[in-house]
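In case you want the letters, here they are:
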Amino acid sequence: MAMTAVARETVFALRRQIAKIEGTLPERLRAPVGAPLDADVSTDVTSNTDLTIVRRGIAAALPDAFLPTGVERLDAALSGGLPKAALSEIHGTQTRDAGAVAGFALSLASLILKRTPGLPVLWIGTTEIFREAGFPYARGLHASFGIEPEQLLFSEAPRLVDALWVAEEAARMTALAAVILEIRGNPRRLDLTATRRLHARAQGAGRPVFLLRQAAEPEPTAAPVRLIVASAPAAPRDTIAGPLAGSIGHPAFTLTIGKSRTALPGQFTLEWNPDERAFDERAGDERRGEERGRAKNPVSVVSLSGSGKDPAAASGAVLAFPAVGSPAAISPTAGDQPSRPQRAAHLGPRRAG
C-alpha cells in the first residue's frame, strides 16, 4: 500500500510538470491524499479538496489570477481574462493602429489601477517608437481613463537593448502596478529568449507586463496571450430619443485573439466607456444596423454647383496644370494657361516655420 501511494504521488507530480511544459488545456487532476501541492497549483475552492485545476501551470482557481475585461464573451474565451502575472502581447499590424494599441493598453492600465490604487504604471519605449507614435496626452489620461499624470511614468531608451534591460528590471518590482514595453517592428533582439525572461520576471513579481508591438508580424514568443488590436468605427451617441445622427460615440476597438493557450481564435468589437471606465461589447446587430443606415443615407462626395441647378462633374483624374508636352502646354493661343512653367504643389519646399 505504501508503494502504491508513493507511485501515485510520483505520477501525479509528473503529470503536473508535463502540463506546465506542454501547456495542455484545462484539466482536473485528482491529487492523492496527503500529496504536497506546488506553490503555483492550488485546490479548487468550489469543489472537493482533492481536485486541482491545472491551467498552463497557473492555478485557475485563484480568484486574483486574471484581469477580467468586463466583457463576458471575451473573458469566457480567455478563461477568466488576461493573466495578471504574465507577459501579454498586444499587436498592431500597421503603423496607423498605434493610437488604437496605445488606447487599448491605457484602458487595461485603468482597469488595473482600479484594483491596485496608488501604484504607478511604467511605460518603456525606444526613442524611435516615441517619435513615431508619440506620448499620451496628460489631460486625456484623466478624462478618458481616470489615470492621473503622475501615475504614468515613462522611460525612453536610446536602443532596444536598453529598453529590454529596463523592462526586465521593472518587471520584477512589486512597487509598479504594471509594465508596458512598446516596440516597433520585429527586431532580432526581441526573440523567444528575451520574452521568456520578461515572462519569468512577471510571474515572479505577480505583475502584468504588456508588450505593445507596433507594425509587427506575429512570431513565436513566451507570452500566453496575443491580442491583435485595430481601430473600429465609432457608433453614434446614445440619447434618450435614440442614436444621435452625425455624432461620434465612444472609442471602439476591433480585438482579435491571435494566440491563446486556452482559447480559440475569435474577434470582438469593444467600446471603451470613459465615464464608467469599462469596456462594452458592440453587438453584431448594431454593426449591421449602422451599415444599413449608411447604405440608405449615403453622404454626397461632390456638392452641387453654386446656382444649385446643375450637379458638379464627376470626380476623376484632374490636373491643375497641363502635363509637359501636351498640346495645351505648347499652344501659344492658350490664354488661360500660366505664362511661366509651373510644377506640382507637392514638389515645392515645405514651410519651415
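Parameters and conventions
Residues numbered from 1 in each chain as written. Predicted model: local features only at pLDDT ≥ 70, side-chain atom pairs only at ≥ 80, totals over all residues. Heavy atoms only, no water. Helix = DSSP H or I, 4+ residues; strand = E, 2+ residues; numbered from the N terminus. Expected span 1.5 Å × (residues − 1). Buried < 20%, exposed > 50% of the residue type's maximum accessible area, 1.4 Å probe, protein only. Axes fitted to C-alpha atoms, helices over the stretch in contact; angles between N-to-C directions. Parallel < 35°, antiparallel > 145°, perpendicular 65-115°, else oblique. Left-handed = near helix turned anticlockwise from the far one by under 90°. Contact = heavy atoms within 4.5 Å. Nonpolar A, V, L, I, M, F, W, Y, C, P; charged D, E, K, R; others polar. Pairing = 2+ DSSP bridges. Salt bridge = Lys/Arg side-chain N within 4 Å of Asp/Glu carboxyl O.

Undergrad: Tell me about helix α3 (residues 98-115), and please be specific about residues and values.
TA: With 18 residues, α3 ought to run about 26 Å at 1.5 Å a step, and its terminal C-alpha atoms sit 26 Å apart, in line with that. The buried count for α3 comes to 15 of 18 residues, which makes it a mostly enclosed element.

Undergrad: Give me the lowdown on the packing of helix α6 (residues 160-171) against helix α7 (residues 192-205), citing residues and values where you can.
TA: Contact geometry of α6 with α7 gives a least axis separation of 8 Å together with a crossing angle of 20°. Regarding the angle of α6 to α7, the classification is roughly parallel. Note on packing geometry: the crossing formed by α6 with α7 is left-handed. Contact with α6, carried on its side by Ala167, Glu168 and Ala171, involves Arg197, Leu198, Arg201, Ala202 and Ala205 of α7 and no other residues of that element. Residue composition of the contact of α6 with α7, grouped by class: 5 nonpolar, no polar and 3 charged.

Undergrad: Before we move on, can you summarise the sheet that holds strand β15 (residues 267-273) with the specific residues and values?
TA: If you trace the 9 strands from one edge of the open sheet to the other, you get β8-β7-β9-β10-β6-β11-β14-β15-β16, paired in mixed fashion. Across the chains shown, the open sheet's two edge strands, defined by having one partner strand only, are β8 (152-157) and β16 (278-281). Looking at each pair of strands side by side, their axes are set apart by 25° on average, direction ignored. Sheet topology places strand β7 (residues 121-126) next to strand β9 (residues 178-184); 5 bridges connect them, and they run parallel. Each bridged residue has a counterpart across the sheet, and for Gly125 the counterpart in β9 is Glu182.

Undergrad: Can you tell me about the pattern of salt bridges, naming the residues and giving the values?
TA: Counting across every chain of the model gives 10 salt bridges. The salt bridge involving Arg226 is made with Glu89; its shortest N-O contact spans 3.6 Å. Residue Arg226 is located in strand β11 (residues 225-232), and its partner Glu89 is located in strand β6 (residues 87-92); the two are separated by 137 residues in the primary sequence. Judged on exposure class, the residue Arg226 and its partner Glu89 are both buried. Three or more residues joined by partner-sharing salt bridges are found here, namely Glu89, Arg213, Glu219 and Arg226.

Everything listed here is a matter of geometry and, on its own, says nothing about what the molecule does.
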